[in-house]
Amino acid sequence: MQEVFDLIVIGAGPGGYVSAIKAAKLGLHTAVVECREAGGTCLNRGCIPTKAMIHAAELYRQTKEGERFGVYAENVRYDYNKILEYKEETSASLRNGVEQLFKANGVTKIKGKAQILTNQSVLVKNEDGESVYQTKNILIATGSKPFLPPIPGMELSGIMTSDEMFQLDHAPDELVIIGGGVIGVEFATVFSSLGCKVTIIEALPRLLANLDKDFSQNLKLILKKRGVDIHTGASVQKISKDGEDFTVTFTEKENEVNVKTKYLLSAVGRAANTDELFAEGISVDMERGKIIVGEKFCTSMEHVYAIGDVIKGIQLAHVASAQGICAVEGIAGLEPTIDLNIVPSCVYTDPEIASIGITEEEAKEKGLHVEVGKFMMSANGKSLISKEERGFIKIVVDKESKVVLGAQMMCARATDMIGEFGTIIENKLTVSDVLKVMRAHPTYNEGVGEAFEELEGGAIHVAPRKKR
Ligand code: NAD
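Residues numbered from 1 in each chain as written. Predicted model: local features only at pLDDT ≥ 70, side-chain atom pairs only at ≥ 80, totals over all residues. Heavy atoms only, no water.

S.K.: A description of the overall build of the protein chain should follow, citing residues and the corresponding values.
M.R.: Each helix and strand counted, the protein chain has 14 helices and 23 strands in total. Here the protein chain has a C-alpha radius of gyration of 24 Å; the compact-globule value for 468 residues is 23 Å, and the two agree. Over its C-alpha atoms, taken along the principal directions, the protein chain stretches across nearly 80 × 60 × 45 Å. Counting across all 468 residues of the protein chain, residues that qualify as buried make up 50%. Restricting the contact set of the protein chain to residue pairs at least 6 apart, pairs at least 24 apart contribute 62%. Accessible area of the protein chain: about 22,900 Å², with a carbon and sulfur share of 51%. When the 53 positive and 64 negative side-chain charges of the protein chain are each reduced to one mean point, those points stand 4 Å apart. (Helix = DSSP H or I, 4+ residues; strand = E, 2+ residues; numbered from the N terminus. Rg over C-alpha atoms; globule rule 2.2 N^0.38 Å. Buried < 20%, exposed > 50% of the residue type's maximum accessible area, 1.4 Å probe, protein only. Contact = heavy atoms within 4.5 Å. Areas by Shrake-Rupley, 256 points an atom, 1.4 Å probe, with all protein chains shown as cover. Lys, Arg positive; Asp, Glu negative; His and termini not counted. Charge placed at Lys NZ, Arg CZ, Asp CG, Glu CD.)

S.K.: Residues and numbers for the site of the ligand, please.
M.R.: Not every one of the 23 residues close to the ligand is listed here, only the nearest: Ile183, Glu186, Glu202, Gly269 and Cys346. A distance of 2.6 Å separates an oxygen atom of the ligand from a polar atom in the side chain of Glu202. Here a nitrogen atom of the ligand and a backbone polar atom of Val236 are 3.1 Å apart. Its free accessible area being 850 Å², the ligand has 78% of it covered by the protein chains. Elements that contribute at least two residues to the shell around the ligand include exactly α6 (182-193) and β11 (234-242). Here the residues of the shell around the ligand sort into 14 nonpolar, 5 polar and 4 charged. (Near = heavy atom within 4 Å. Polar contact = N/O pair within 3.5 Å; in protein donor to acceptor, adjacent residues only side chain to side chain. Nonpolar A, V, L, I, M, F, W, Y, C, P; charged D, E, K, R; others polar.)

S.K.: Just give me the short version of the packing of helix α3 (residues 47-64) against helix α4 (residues 80-105), but keep the residues and values in it.
M.R.: Contact geometry for α3 and α4: axes closest at 9 Å, N-to-C directions at 140 degrees. One finds that α3 runs oblique with respect to α4. Note on packing geometry: the crossing formed by α3 with α4 is right-handed. Listed contacts from α4 to Ile48, Pro49, Ala52, Met53, His55 and Ala56 of α3 are Tyr80, Ile83, Leu84, Tyr86, Lys87, Thr90, Ser91 and Leu94. By residue class, the composition of the contact of α3 with α4 is 10 nonpolar, 3 polar and 1 charged. (Axes fitted to C-alpha atoms, helices over the stretch in contact; angles between N-to-C directions. Parallel < 35°, antiparallel > 145°, perpendicular 65-115°, else oblique. Left-handed = near helix turned anticlockwise from the far one by under 90°.)

S.K.: Account for the nonpolar core, naming residues and giving values.
M.R.: With 49 residues, the main nonpolar core has Ile10, Phe102, Ile116, Leu139, Ile140 and Ile291 as its most contacted residues. Looking at which element gives the most residues to this core, the answer is helix α1 (residues 14-25), with 6 residues. Those residues in contact with Ile116 that lie beyond four places of it in its chain are Ile10, Ser121, Ile138, Ile140, Leu277, Phe278, Ala279, Ile282 and Val304. Residues Ala56, Leu223, Ile230 and Tyr263 belong to the second largest nonpolar core, which totals 39 residues. (Core = buried A, V, L, I, M, F, W, Y, C linked by side-chain atoms within 4.5 Å.)

S.K.: Describe unusual backbone geometry, naming the residues involved and giving the relevant values.
M.R.: Excluding glycine, most residues fall at negative phi; most peptide bonds, likewise, are trans. Residue Asp350 is joined to Pro351 through a cis peptide bond whose omega torsion reads 5 degrees. With respect to the helices, strands and loops of the structure, Pro351 is situated in the loop between β19 (345-347) and β20 (352-357). Of note, the amide linkage connecting His441 to Pro442 takes the cis form, showing an omega dihedral of -10 degrees. Relative to the helices and strands, Pro442 resides in the loop between α13 (431-435) and α14 (446-454).

S.K.: Tell me about the side chain of Arg439, and name the residues and values.
M.R.: Among the secondary structure elements, Arg439 is positioned in the loop between α13 and α14. In this structure the side chain of Arg439 is engaged in a polar contact, spanning 2.8 Å, whose partner is the side chain of Glu420. A polar side-chain atom of Arg439 sits 2.7 Å from a polar atom in the side chain of Asn445. Setting aside anything within four residues of it in sequence, one finds Arg439 in contact with Glu420, Val434, Asn445, Glu446, Val448, Gly449 and Phe452.

S.K.: Explain the packing of aromatic side chains to me, and be specific about the residues and the numbers.
M.R.: One pass over the full model with this rule turns up 6 aromatic pairs. Ring centres of Phe187 and Phe191 lie 6.2 Å apart, and the angle between their planes is 10 degrees; on these two criteria the pair is classed as stacked. Of this pair, Phe187 and Phe191 are both found in helix α6, 4 residues apart, which corresponds to roughly one turn of the helix. Residue classification places Phe187 among the buried residues on the basis of a relative accessible area of 2%. A residue is classified by how much of its surface remains accessible, and Phe191, at 0% relative accessible area, is buried. Their ring planes at 20 degrees and their centres at 5.8 Å tell us that Phe215 and Phe392 sit as a pair that is stacked. In this pair, Phe215 sits in helix α7 (residues 213-225) while Phe392 sits in strand β22 (residues 392-398), placing the two residues 177 residues apart along the sequence. Exposure remark for Phe215: the relative accessible area of 0% places this residue in the buried category. By way of ring pairs, the aromatic residues Tyr80, Phe166, Phe187 and Phe191 are connected into one cluster. Looking at Lys374, its charged tip hangs above the ring of Phe392, at a distance of 4.8 Å from the centre. (Phe/Tyr/Trp six-rings, centres within 6.5 Å; stacked < 30°, edge-to-face > 60°. Lys NZ or Arg CZ within 6 Å of the ring centre and 35° of its normal.)

Spelled out as structure tokens, the structure:
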């Protein structure tokens, strides 16, 4: 008799692999189908490789600036191929870890491209041929791919997305980036640090338009100081190519502007991956190419669930993993254990950016009465030691109850420090609850304490506001 799985997960990215391992831990007989490498975009072409490149590029820039600490290094240089090797080793090590975890947890890994035949059967095609697998439930975690906007000239050969950017075997000496969102500013951070002349063209009035305005303003100044040419409110109209050179045409303040470049990166969002996912004649409800899910991540097809970048909503690796855990808990008949409403969002620029919960602007739009505690990191000891004193920590609380509603940080280690706020917001802690705990000295984390103190009568290391 043919083996019947309790769950087949399609896709082994951070959504799919976490779901499969969690399902196995909950006692479900689980298989995961993946046509490329384990770890998906995140481990192989996204979060991990970019952060490895940011680490190497920042190290290069900081080594050159070592004189500020009395450390002199001569002939500081980088070998781009070594950086790529280090990036690849990092991805490979994490990828192997995922494969080991599949084995250790008894998850069956099936290599190949999956197609849903019915709500309880999946066809897998690979170099050995085709096989059909039976299952009680299917979880779609096929993720996303770079979106190519319908701009005339976008089809020209040589235009890169983040995928192709990682395949370049040399550092470009110039780079034009269309899109000043997360991918745009992270690649600008890497290549400007490596000495490349970077230009960002962003259609909206500011960089990182989905995040707090203070981030955009500060980041623009910092990137400009590093030589990045930034055009905001500048929508790309067309691209042409003459020999090896692209010309990008955009409108800025009603003027037509042309920028020439050999290297062009399109970073204008990602589209759901549903190509050939459904056999002819079957499908699930979708909106703008994304799968619609209801309660417990059910699609319109019974026993078929979907999570991560392939569904509507926030496209982040940790969101996909958390959704996967909740979906699998539902399939196993359990209540979800994670609150999916509190989402930390991190951008790996220098300084780092991190945000969670509501911002001051959003609170105002919603008519909420809030108070904001702000601390500038120029008064933080650890920031002065490492000369990373640019930046701030902002905390948004309900004016009356002093319950914490959100936090935004732009400073060293912001992406590590934001986690504390998830616990604070989930548990509806107030300013005085948080201030009961002392913080180690000297740490960047003291800045968080000082921002809270600002909300409770004034921070110790900030001059009191003048009374009128
Ligand atoms: P994004 O949505 O963050 O940014 C795309 C930007 O392109 C937008 O600001 C948009 O206004 C701009 N744009 C669109 N059309 C344009 C045009 N014709 N001319 C000029 N600008 C134009 O998308 P992204 O940066 O491509 O990232 C894709 C997804 O991956 C996002 O959901 C992001 O959150 C995720 N991601 C997250 C991280 C992280 O968490 N650190 C890192 C990379 C990517």
